[in-house]
Amino acid sequence: DFEVTAYATADSYNLETLLQGFKDLGLYERSSHHRPSVHNTQHRCSDISGISISRRDENATSAAAAADVDDVRQGLPSVEGFAPLSSQSDDELDVIPNLSEVLHVVGKYKITTEEREIYFFRDGTVVFWNVAELERSNVINYLKRFSVGDTAGHATVHDQSESFPYIYTTGKTQLKEDRILLGEEGPLHLERYTFSNALAVSVKLGIWEAEMDEYVDNMENVSRELKKTGHIILKKKEVLQRLGQLYELRHSLTLSSDLLDTPDYYWDRKALGQLYEGTYRNLCIAKRTDVMNVKLNHCVELVELLKGHHGEEQGHRLEKIIIYLIVIEVVFEVLHFIV
């Protein structure tokens with residue numbers, strides 16, 4: 001059996017500079033299965049002449065255009081206007097997304113008969129196919145210079161990783177009994193990408209689950225002290241920081257990830273969409289997301305309560321100050337009257 005392993009190591013990767021870094025290393029090269037990237041300064045749409053352009057590629061730089069210039073030169077059709085999404089040809093459906101979403105590299109030198117492949121997703125996740133543990137560790141360390149924000153500590157990254165053996169079979173491609181079965185009839189490069197996509201979502205969710213569990217543990221003392229003494233041990237600034245941490249986590253969970261919906265990539269690829277959804281269910285991502293939302297809602301209610309209490313205390317202090325000022329004014333008026 002071979003092995004596929006996924007990690008979430010950062011908030012995001014700069015894929016353009018990462019690609020250049022691998023070119024400089026000379027150990028890996030970009031896969032030929034990427035969709036060409038087209039950068040237009042006046043328009044950003046979901047598809048131009050059948051070539052997909054992601055709206056989320058807000059951080060694309062001129063380096064990305066330089067990295068993909070060879071792809072663009074390979075006979076792209078010239079068009080006037082925009083083609084509908086449904087007009088994609090079979091060749092255009094037979095590629096993985098462009099550099100705005102994922103970087104797919106393969107090892108230049110073969111160690112075994114099975115090729116070594118790595119998928120780097122812009123959201124800070126990486127999936128290794130048939131890559132030894134030592135090589136994975138070296139790549140993860142190398143990734144630090146291209147990472148934006150550390151997701152978690154070294155131990156948490158490895159604890160929340162996903163690893164599955166995979167084999168080739170004559171049957172249907174699927175994740176079955178904690179083993180990936182790759183059918184020889186299907187488009188293997190697309191099926192590998194689909195598994196990688198689902199595994200990347202799972203490990204990213206795992207990092208957020210670990211962050212949520214740590215947050216709950218930290219709030220336990222606050223709840224216990226509130227129950228025993230009726231006092232809040234957190235200052236107003238600390239309460240606001242805890243609330244901001246919760247809203248940032250909720251934003252990541254519900255708005256900036258693919259946890260709640262199937263990615264657009266699979267709309268025109270029914271078989272791959274079914275494979276993605278099957279892997280999604282097998283990894284219990286929907287159930288885990290629901291549990292995360294329940295925990296988030298509970299913590300938000302608690303922190304909002306603490307915030308409201310601090311607001312009431314501030315109001316009481318202002319009332320006391322006003323009363324003191326009135327008393328002082330009365331005293332001065334009395335003294336003035338006596339004089």
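Residues numbered from 1 in each chain as written. Predicted model: local features only at pLDDT ≥ 70, side-chain atom pairs only at ≥ 80, totals over all residues. Heavy atoms only, no water.

Visitor: Describe in detail the overall build of the chain, supporting the description with residues and values.
Guide: What the chain contains, in helices and strands, is 10 helices and 12 strands. Restricting to contacts in the chain with at least 6 residues of sequence separation, those with at least 24 account for 75%. Surface accessibility of the chain: about 19400 Å² in total, with carbon and sulfur atoms responsible for 52%. (Helix = DSSP H or I, 4+ residues; strand = E, 2+ residues; numbered from the N terminus. Contact = heavy atoms within 4.5 Å. Areas by Shrake-Rupley, 256 points an atom, 1.4 Å probe, with all protein chains shown as cover.)

Visitor: So what about the pattern of salt bridges? Which residues, and what values?
Guide: Using the criterion set out here, one finds eight salt bridges in the structure. Between Glu 16 and Arg 122 there is a salt bridge; the shortest N-O distance is 2.6 Å. Residue Glu 16 is found in helix α1 (residues 15-25), and its partner Arg 122 is found in the loop between β7 (117-121) and β8 (125-129); the two are separated by 106 residues along the sequence. Several salt bridges converge on common partners, so that one network encompasses Glu 114, Glu 117 and Arg 192. (Salt bridge = Lys/Arg side-chain N within 4 Å of Asp/Glu carboxyl O.)

Visitor: Give a description of the confidence of the model for the chain that names residues and reports values.
Guide: With 79% of its residues at a pLDDT of at least 70, the chain reaches an overall mean of 79. Taken element by element, the chain is modelled with least confidence in strand β5 (residues 51-52), mean pLDDT 32, and with most confidence in β8, mean pLDDT 96. Counting contacts from residues 38-87, a segment whose pLDDT is below 50, to residues more than four positions away or on other chains yields 65 contacts. (pLDDT = per-residue confidence, 0-100.)

Visitor: Could you give an account of helix α7 (residues 188-229), with specific residues and numbers?
Guide: The first and last C-alpha atoms of α7 sit 62 Å apart over 42 residues, in line with the 62 Å expected at 1.5 Å per residue. Considering bend angle alone, the principal kink of α7 is centred on Met 219 and spans about 25 degrees. (Expected span 1.5 Å × (residues − 1). Bend = angle between axes of the 7 residues up to and from the residue.)

Visitor: Any details on the packing of α7 against helix α8 (residues 236-254)? Residues and values, ideally.
Guide: Here α7 crosses α8 at 160 degrees, and the two axes come no closer than 11 Å. In this view, α7 runs roughly antiparallel relative to α8, as classed from their interaxial angle. Crossing of α7 against α8: the hand is left-handed. Taking contact as the criterion, the partners of Leu 205, Trp 208, Glu 211, Met 212, Tyr 215, Asn 218 and Met 219 in α7 are, on α8, Arg 242, Leu 243, Gln 245, Leu 246, Leu 249, Ser 252 and Leu 253. Residues belonging to the contact of α7 with α8 are distributed by class as follows: nine nonpolar, three polar and two charged. (Axes fitted to C-alpha atoms, helices over the stretch in contact; angles between N-to-C directions. Parallel < 35°, antiparallel > 145°, perpendicular 65-115°, else oblique. Left-handed = near helix turned anticlockwise from the far one by under 90°. Nonpolar A, V, L, I, M, F, W, Y, C, P; charged D, E, K, R; others polar.)

Visitor: Report on the nonpolar core, specifying residues and quantitative values.
Guide: If you look at soluble globular proteins, the nonpolar side chains tend to sit buried side by side. Counting 52 residues, the largest nonpolar core has Val 127, Trp 129 and Ile 180 as the members making the most contacts within it. At 15 residues, the largest contribution of residues to this core is made by α7. When sequence neighbours within four positions are dropped, the list of residues in contact with Val 127 reads Val 4, Thr 5, Ala 6, Glu 117, Ile 118, Tyr 119, Phe 121, Ser 196, Leu 199 and Ala 200. Residues Tyr 7, Leu 19, Val 105 and Val 139 belong to the second largest nonpolar core, which totals 22 residues. (Core = buried A, V, L, I, M, F, W, Y, C linked by side-chain atoms within 4.5 Å. Buried < 20%, exposed > 50% of the residue type's maximum accessible area, 1.4 Å probe, protein only.)

Visitor: How would you summarise the pairing of β7 if you had to cite specific residues and measurements?
Guide: Within β7, five of the five residues are buried, which leaves the element mostly enclosed by the surrounding structure. Burial along β7 is two-sided: Glu 117, Tyr 119 and Phe 121 facing one way and Ile 118 and Phe 120 facing the other are all buried. In this sheet, β8 lies alongside β7 in antiparallel orientation, the contact comprising five bridges. Of the residues in β8, the one forming a bridge with Ile 118 is Phe 128. Here β7 hands over to β8 after three residues, with Gly 124 in that stretch at a positive phi of 90 degrees. (Pairing = 2+ DSSP bridges.)

Visitor: Please give an account of α8 that cites residues and values.
Guide: Its 19 residues give α8 an end-to-end C-alpha distance of 27 Å, which sits within 8% of 27 Å, the value for a rise of 1.5 Å per residue. Val 239, Leu 243, Leu 246, Leu 249, Ser 252 and Leu 253 are the residues of α8 that are buried.

Visitor: Go over a positive patch on the surface with me, naming the residues and quoting the values.
Guide: Residues Lys 236, Lys 307, Arg 317 and Lys 320 make up a contiguous surface patch of positive charge. Here the element with the most residues in the positive patch is helix α10 (residues 285-338); it accounts for three residues. Inspection of the secondary structure assignment puts Arg 317 in helix α10. (Patch = residues over 30% accessible without salt bridge, like charges linked within 9 Å, V, L, I, M, F, W, Y side chains within 5 Å. Lys, Arg positive; Asp, Glu negative; His and termini not counted. Charge placed at Lys NZ, Arg CZ, Asp CG, Glu CD.)

Visitor: I'd love a proper account of the sheet that holds β8, names of residues and values included.
Guide: Strands in a sheet are paired, the pairing made by backbone hydrogen bonds, and the direction either parallel or antiparallel. In spatial order, the strands read β3-β6-β7-β8-β1-β10-β12-β11; together these eight strands make up an open sheet with mixed pairing. Unpaired on one side and paired on the other, β3 (28-30) and β11 (174-176) mark the two borders of the sheet. Shown here is a sheet whose adjacent strand axes are inclined to one another by a mean of 25 degrees, direction ignored. With three bridges joining them, β11 and strand β12 (residues 179-183) adopt antiparallel strand pairing. Within β12, the position partnered with Gln 174 by the bridge is Leu 181. Strands in contact with α1 are β3, β6 (102-107) and β7; relative to β6, the strand with the most contacts, it is inclined by about 15 degrees.

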